[in-house]
Amino acid sequence: MLVGSVLFVIPGIIAYVAFIFTLVYVAVEDKNFIAGFRNSWQLTRGHWLRLFGLLLVVVAGIGLISGVLTAMTSLVVGAIAGEGIGILLSGVVGLPFSLLILATLAEAFTQLRESQKEMVTS
């Protein structure tokens, strides 16, 4: 069972990293999802380990901090002011962290695109 899990988890992580920018291509550059997959794959090729490290640090680090703060906010405010207010304020507390993760991924996308353009022109 462990071997089967590893055989599915590792390729899943690789696919997640390789296709992380698909949504950017679909939403911003108005590509269809197949072109978005292809472009994301081409953009991340050769940069997989650095992107994986970035995602690990950003998502694990910032996500953990955000998760703890939003859970504490939801529990504390929910106990005092009600569950609905607790959920609302936990979303407000988590928003800056989500924006930080999004900004980090946008900067990574921009840097990869610039390096890709430099390779093409060289």
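Let me begin by describing the structure that accompanies this report. (Residues numbered from 1 in each chain as written. Predicted model: local features only at pLDDT ≥ 70, side-chain atom pairs only at ≥ 80, totals over all residues. Heavy atoms only, no water.)

In this section: a nonpolar patch on the surface. On the surface, Phe-19, Phe-33, Ile-34, Phe-37 and Trp-41 cluster together into a nonpolar patch covering about 510 Å² of accessible area. Considering the arrangement of structural elements, one finds Phe-37 in helix 3 (residues 33-44). What makes Phe-37 partly exposed here is its relative accessible area of 36%. (Patch = residues over 30% accessible without salt bridge, like charges linked within 9 Å, V, L, I, M, F, W, Y side chains within 5 Å. Areas by Shrake-Rupley, 256 points an atom, 1.4 Å probe, with all protein chains shown as cover. Salt bridge = Lys/Arg side-chain N within 4 Å of Asp/Glu carboxyl O. Helix = DSSP H or I, 4+ residues; strand = E, 2+ residues; numbered from the N terminus. Buried < 20%, exposed > 50% of the residue type's maximum accessible area, 1.4 Å probe, protein only.)

With that settled, consider the pattern of salt bridges. Counting across every chain of the model gives 1 salt bridge. For the salt bridge of Arg-113 with Glu-29, the shortest nitrogen-to-oxygen distance reads 2.4 Å. You can see Arg-113 sitting in helix 5 (residues 83-121) and its partner Glu-29 sitting in the loop between helix 2 (22-27) and helix 3, a full 84 residues away along the chain. Owing to a relative accessible area of 29%, Glu-29 belongs among the partly exposed residues under this scheme.

Read these as layout, nothing more, since geometry by itself doesn't imply function.
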